[in-house]
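Close look at the chain arrangement
Residue-level listing of the chains:
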Amino acid sequence: MNIESIETFVLLAENGNFTKTAEIQYLVQSTVSNRINELEKYVGKALFIRNNKNVRLTPSGEAFLPYAKRMLMLKKDGIIKARSIGIYDDRLALGLVDSIYKGIISPILKEYFLTFPNIAVKLKVNHSEEIIKLLSDGILDIGFVYTKSKSSKFEIIDFLEDEIILVTSPKNKMMIETEISYADLIQLPLLYADLGEEFFKWLSKLFGDSPLLKLSVDETSYVVDFVKEGFGYAFVTKSSVNTELKSGELIHVKIKDSIIPTRQIYMLINKNKKTSTAIKNWLEMILCKVNLT
């Protein structure tokens, strides 16, 4: 199995067309076909279902695709690492969930940049599950996630317990109260972002397991954009909207008769890389900024 076959497989999986894949890679179509055939022989399973015009992945192909993508990422990461030798003293590879980066890590990372100019930084923003996979593969050094991994490859630190709050905007045309009851939520145009299982259980007691909400997305930042325009109310992590709360762009609406679950942030450290200069410097800085136990 060679890397060129993996690259061709991923491209074909993404566009579903042999001709287009050949054009993108500047190859003749027969070369694309040969690479896929060789890969299927190596794997021992058909990876694509073919018809006259397009192709689609078989169940085996679907299972293989995320691993193929990670192989390509590992290849790219290795090349960058090799080329950086002699230019930078070391490199720090961080993986973060978007809301964690914007609300908490961004200012610390900028200070790290200024304090350690001879250390390069790789930043990967994705969902918790994907960050954990990349850490496990050795592509990342440290991850900030909402999911507590059970892998023995990581040192896991309870980094921060983030408060979840209800917010709205002064542009909201509904009468805004700064304190409401839990039961009042059912009357609000609620914009929903995924804030974890515990929060969903808390909200489901009122809305049910399949709530009909005005907007549902999986990233807090998208919900915040809608709320700031006055479209409704949303639960968000407090750290992700501190700037908007201070400026008055958003208003904190308190729930007077129910305790909203908090959201735990975990820092996962790849044990195999903990002795690197880049990680040691990062951990020293984090320990100064946040009270970790």
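Every residue gets a number counted from 1 within its own chain, in the order that chain's sequence is written. Local features in this predicted model are restricted to residues of pLDDT 70 or higher, and side-chain atom pairs are both shown and tallied only at a pLDDT of 80 or more, whereas totals for entire chains, interfaces and linings draw on every residue. Only hydrogens and water are set aside when side-chain values are computed; all heavy atoms of the structure are taken into account.

1. Thoughts on the overall build of the chain
Keep this limit in mind: Going along the chain from the N terminus, every DSSP run of H or I of four or more residues is numbered as a helix, and every run of E of two or more is numbered as a strand. Residue burial is assigned from relative accessible area. The probe radius is 1.4 Å, only protein chains are included, and a residue is buried under 20% of its type maximum, exposed over 50%, and partly exposed in between. In what follows, residue pairs with any heavy atoms lying within 4.5 Å of each other are defined as contacts.
For the chain, the helix and strand inventory stands at 10 helices and 13 strands. Overall size of the chain, expressed as C-alpha extent along the three principal axes, is 65 × 50 × 35 Å. Counting over 293 residues, the chain shows a buried share of 46%. A separation of at least 24 residues holds for 71% of the contacts in the chain among residues at least 6 apart in sequence.

2. Description of the packing of aromatic side chains
Heads up, the condition is: Any two of the Phe, Tyr and Trp rings considered here, Trp counted by its six-membered ring, make a pair once their centres fall within 6.5 Å; the pair's planes then place it as stacked at under 30 degrees, edge-to-face at over 60, or tilted in between. Here, a charge over a ring is recorded when the distance from Lys NZ or Arg CZ to the ring centre is within 6 Å and its angle to the ring normal is within 35 degrees.
Within this structure, the stated rule accounts for 13 aromatic pairs. Centre to centre, the rings of Tyr192 and Phe199 are 6.3 Å apart; their planes meet at 15°, and the pair counts as stacked. According to the relative accessible area criterion, Phe199 is buried, its value standing at 1%. What links up through ring pairs into an aromatic cluster is the set Tyr182, Tyr192, Phe199, Phe200, Trp202 and Phe235. If you follow Arg263 out to its NZ or CZ, it ends over the ring of Tyr146, 3.6 Å from the centre.

3. A short note on the pairing of strand S12 (residues 251-255)
Heads up, the condition is: Strands pair, by our definition, only if DSSP identifies at least two bridges between them.
Sheet topology note: the strand S7 (residues 164-168)/S12 ladder contains three bridges and is antiparallel. Pairing of Thr168 across the sheet is with Ile251, part of S12. Here strand S8 (residues 179-180) pairs with S12 via two bridges, running parallel. By the bridge assignment, Glu179 is partnered in S12 with Lys254.

4. Re the pairing of S7
Extensive coverage of S7 is indicated by the burial of five of its five residues. The side-chain alternation of S7 yields two buried faces, one formed by Ile164, Leu166 and Thr168 and the other by Ile165 and Val167. The pairing of S7 with strand S11 (residues 233-237) spans four bridges and is antiparallel. Paired with Ile165 across the two strands is Val236, which belongs to S11.

5. Remarks on the sheet that holds strand S5 (residues 142-145)
The condition that has to hold: For every element, the axis is a line fit to its C-alpha atoms; helices are fit only across the contacting stretch, and the angle between N-to-C directions ranges from 0 to 180 degrees.
Spatial ordering of the open sheet is given by S4-S3-S5-S13-S6, a layout of five strands whose pairing is mixed. The sheet is open, and its two borders are formed by strand S4 (119-125) and strand S6 (154-162), each paired with just one other strand. Sheet twist, expressed as the average angle between the axes of neighbouring strands with direction ignored, equals 20°. The pairing of strand S3 (residues 90-96) with S4 spans seven bridges and is classified as parallel.

6. Notes on unusual backbone geometry
Phi is positive for Tyr26, close to 55°, though the residue is something other than glycine. Within the element layout of this structure, Tyr26 appears in the loop between helix H2 (18-24) and helix H3 (29-43).

7. Here's the deal with helix H6 (residues 128-136)
Note the following rule: What the arc covers is the set of directions going from the helix axis to the C-beta atoms.
Turning to H6, its buried residues number three or more, namely Ser128, Ile131, Ile132, Leu134 and Leu135. The buried side chains of H6 occupy one side of the element, clustering within an arc of 165° when seen end-on. Positive phi shows up at Gly138, right after H6, with a value of about 85°.

8. Topic: the side chain of Thr21
This is how it is decided: Under the rule applied, a polar contact is a pair of N or O atoms within 3.5 Å (in protein, one hydrogen donor and one hydrogen acceptor; residues adjacent in sequence only if both atoms are side-chain atoms).
You can see Thr21 is positioned in helix H2. On the basis of relative accessible area, Thr21 is assigned to the buried category, the value being 0%. There is a polar contact of 2.8 Å between the side chain of Thr21 and the backbone oxygen of Asn17. With near-sequence residues (within four places) excluded, Thr21 lies in contact with Thr8, Leu11, Leu12, Asn15 and Val32.

9. What about the packing of helix H5 (residues 98-115) against helix H10 (residues 277-289)?
Defined as follows: By definition in this entry, angles of less than 35 degrees are roughly parallel, angles greater than 145 are roughly antiparallel, angles of 65 to 115 are roughly perpendicular, and the rest are oblique. Crossing handedness is read from the near helix: turned anticlockwise from the far helix by less than a right angle, it gives a left-handed crossing, and turned clockwise, a right-handed one. Nonpolar residues are Ala, Val, Leu, Ile, Met, Phe, Trp, Tyr, Cys and Pro. Charged residues are Asp, Glu, Lys and Arg, and all others, Gly as well, are polar.
Across the interface, H5 lies against H10 with an axial gap of 11 Å and an inter-helix angle of 130°. With respect to H10, the element H5 is oriented oblique. For H5 against H10, the interelement crossing comes out right-handed. Judged by residue contacts, Ile105, Ile108, Leu109, Glu111, Tyr112 and Thr115 of H5 engage Ala278, Asn281, Trp282, Met285, Ile286 and Lys289 from H10. Residues that form the contact of H5 with H10 fall into these classes: eight nonpolar, two polar and two charged.

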